[in-house]
Each structure stands twice: as C-alpha cells, then as structure tokens.
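# Structural overview for review
Listed below, chain by chain, are the residues.
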Amino acid sequence: MPSTTPYADILHGLQDVVLTVTDIKAVLLYEPSAIQVTPTAYILLDRYARNQRGQITATRPRFMVRLCVPVPTSEDEEIAAVELAFAIADAVDADSQFTGAIVAGMAQSPDGIAGWVRIGGTLYRALDVFVECVVKGAYAGAL
C-alpha cells in the first residue's frame, strides 16, 4: 500500500485547479524554453518534507506556480498581474483537496514572491504562488 497520494495525482490536481483561473492561457508541468501565449503558468516542485508519527506518514510537497506575463507597461497591467496571482491562491483555497486528488490531507497557498524571468530570450514579469500540501497515508513500515 502506498504511503501517500501519488505525486502525479497531486501535480495534475493542482494543474486542474490553476486551469480554473480562466484568464490563464496555459498551465505547464515543466519549465518552458519558450512561451507561446500569455499569461502562462508553470508548476514545479519547490521542496518536500516527510515524517512519520505512529502509523501515519505525512508528506508535505511545496509547489511553485510561476505565472508569467509580459512586463507591465502601466499601473493597470501590474495590478492585473498581481490580481491574477491572487486568483491562483484563491482557487487553491477554494479546492484544497484538488477535486479529490488529495484523499487524506489538504493544500493551501500561504505566500508568494514576485520578480522577473527571462525565457527564450524574452523578459517576463514572474509572480510565484507557493502551494503547500499535507498528504497523509499509512506508514510504509506499518504492520
């Protein structure tokens, strides 16, 4: 019996949640070498932690959802980009079990950072939304 929800299920569940933010044109599960449409988001594992207590294993993957938009040229464009990042966090809060992908546990979006990233020679405004999950399962060494 696996100790936690399979990683791929969690990753695809998070992708489905981000896709509910209708203004995002693409949600990738890898760091692209070029962006074809904007806004684009991509999801990468940031880190993970695991611990056992009694007969339970808790796995805590943390994902970075990087939202890439063209570099804003006005106050309104910057505000719209930030609001889109907040919409990702709100979508995670609204579906904290990723529509059943996380069976025992939940996710939340506690924080994020903003900066710039160059992809395929083009500079983008990058808004990183962090998503922390807690996934519980039977301890692999349990009898």
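This text follows the structure it describes.
What you see as residue numbers is a count from 1 along each chain, following the sequence as written. Restriction of local features to residues with pLDDT of at least 70 applies here, the model being predicted, together with a cutoff of 80 or more for giving and counting side-chain atom pairs; totals for whole chains, interfaces and linings are based on all residues. Heavy atoms throughout the structure, all of them, feed into the side-chain values; hydrogens and water do not.

### Some remarks on the overall build of the protein
- The numbering of helices and of strands both runs from the N terminus, where a helix is a DSSP run of H or I of at least 4 residues and a strand a run of E of at least 2. Counting its regular elements, the protein contains 2 helices and 5 strands.
- Starting at the N terminus, the α and β elements of the protein follow one another as α-β-β-β-α-β-β.
- Overall, the C-alpha framework of the protein stretches about 60 × 30 × 20 Å when taken along its three principal axes.
- Going through the 143 residues of the protein one by one, you find that 43% of them count as buried.
- Contact criterion: two residues are considered in contact whenever any of their non-hydrogen atoms come within 4.5 Å of each other. Taking the contacts inside the protein whose residues are at least 6 apart along the sequence as the reference set, 59% of them involve residues at least 24 apart. Partly exposed describes any residue whose relative accessible area lies between the buried limit of under 20% and the exposed limit of over 50%, with all areas from a 1.4 Å probe on protein chains only and scaled to the type maximum.

### Some remarks on a nonpolar patch on the surface
- Distance thresholds for patches are 9 Å for like charges and 5 Å for nonpolar side chains (Val, Leu, Ile, Met, Phe, Trp, Tyr), applied to residues having over 30% relative accessible area and no salt bridge. Exposure was quantified through the Shrake-Rupley algorithm and a 1.4 Å probe, taking into account, for residues, occlusion by the shown protein chains and nothing else. Salt-bridge detection follows one rule: a side-chain nitrogen of Lys or Arg within 4 Å of a carboxyl oxygen of Asp or Glu. Taken together, the side chains of Tyr-7, Leu-45 and Tyr-48 present a nonpolar region at the surface, about 330 Å² in accessible area.
- Inspection of the secondary structure puts Tyr-7 in helix H1 (residues 7-19).
- Judged by relative accessible area, Tyr-7 falls into the partly exposed class, the value being 40%.

### Structural notes on the nonpolar core
- Counting residues in hydrophobic clusters, the biggest one holds 30 residues, and the most contacted among them are Leu-14, Val-18, Ile-24, Val-65, Phe-98, Val-131 and Cys-133.
- Mapped by element, the contributors of at least two residues to this core are H1, strand E2 (40-53), strand E3 (56-70), helix H2 (75-94) and strand E5 (122-138).
- At 7 residues, the largest contribution of residues to this core is made by H2.
- The contacts of Val-65, once residues within four sequence positions are left out, are Leu-14, Val-18, Ala-41, Tyr-42, Ile-43, Ile-88, Leu-127, Asp-128, Val-129 and Val-131.
- Remark: nonpolar core denotes a set of buried residues (Ala, Val, Leu, Ile, Met, Phe, Trp, Tyr, Cys) joined through side-chain atoms within 4.5 Å. One finds Met-64, Cys-68, Ile-119 and Tyr-124 within the second-largest nonpolar core, a separate group that totals 10 residues.

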